[in-house]
Amino acid sequence: MNQQYLIPANTKRSMLIFGLFKPIDLIIFVVGLVLTGVLILAVGTDTPAQVIIGLSPLLITTLMVSPIPNHRNLWTFTVNVYSYFTSQRKYRWRGWCMLHGEENDNK
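Cut-offs and rules
Residues numbered from 1 in each chain as written. Predicted model: local features only at pLDDT ≥ 70, side-chain atom pairs only at ≥ 80, totals over all residues. Heavy atoms only, no water. Helix = DSSP H or I, 4+ residues; strand = E, 2+ residues; numbered from the N terminus. Buried < 20%, exposed > 50% of the residue type's maximum accessible area, 1.4 Å probe, protein only. Contact = heavy atoms within 4.5 Å. Areas by Shrake-Rupley, 256 points an atom, 1.4 Å probe, with all protein chains shown as cover. Polar contact = N/O pair within 3.5 Å; in protein donor to acceptor, adjacent residues only side chain to side chain. Expected span 1.5 Å × (residues − 1). Bend = angle between axes of the 7 residues up to and from the residue. Axes fitted to C-alpha atoms, helices over the stretch in contact; angles between N-to-C directions. Parallel < 35°, antiparallel > 145°, perpendicular 65-115°, else oblique. Nonpolar A, V, L, I, M, F, W, Y, C, P; charged D, E, K, R; others polar.

A. Quick look at the overall build of the protein chain. When helices and strands are counted, the protein chain shows three helices and two strands. When each of the 107 residues of the protein chain is scored for burial, the buried share is 13%. When contacts within the protein chain are restricted to residue pairs at least 6 apart in sequence, long-range pairs at least 24 apart make up 40% of them. Approximately 9400 Å² of the protein chain is accessible, and the part contributed by carbon and sulfur atoms is 67%.

Shown next as structure tokens:
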């Protein structure tokens, strides 16, 4: 009998915190929250510019870890783009028709 097993689309979500975040995402968010508190205490909240400066770490980190469509979040997207531009560009493939990177002459 031909049995097919379907993998649910949300299998990886169970490995995430709240189904959305990795531990690094929450660490980034907490660091932004702490920096916001320090900046608000240091700079003050007298003018709108000071409020924006004080809240900027929280706003930036919230945008970095917030979910975006077709991707987990902006932080993961940024890491993937960075690794694409900084890693090697020559892709090595070794499959059933290749023998240690050379074509198999035995036909």
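B. Quick peek at the side chain of Thr 36. Mapped onto the elements of the fold, Thr 36 is located in helix H1 (residues 23-43). One polar contact links the side chain of Thr 36 to the main-chain carbonyl oxygen of Gly 32, over a distance of 2.8 Å. Excluding residues that lie within four positions of it along the chain, Thr 36 makes contacts with Gly 54, Leu 55, Pro 57 and Leu 58.

C. Quick peek at helix H2 (residues 48-65). Helix length check: H2, at 18 residues, gives a terminal C-alpha distance of 25 Å against a target of 26 Å (1.5 Å per residue), a fit within 8%. At Leu 55, H2 shows its largest kink, close to 45°, and the proline Pro 57 lies no more than four residues downstream. For H2, the set of buried residues is Gly 54, Pro 57, Thr 61 and Val 65.

D. Molecular detail of the packing of H1 against H2. As a packed pair, H1 and H2 sit with axes 8 Å apart at the nearest point and diverge in direction by 180°. Here H2 runs roughly antiparallel to H1, going by the angle between their axes. Along its contact with H1, which presents Asp 25, Ile 28, Phe 29, Gly 32, Leu 33, Leu 35, Thr 36, Leu 39, Ile 40 and Val 43, the element H2 presents Gln 50, Ile 53, Gly 54, Leu 55, Pro 57, Leu 58, Thr 61, Thr 62 and Val 65. Across the contact of H1 with H2, the residue classes break down as 12 nonpolar, six polar and one charged.

Fair warning: the whole summary comes from geometry, so function is off the table for now.
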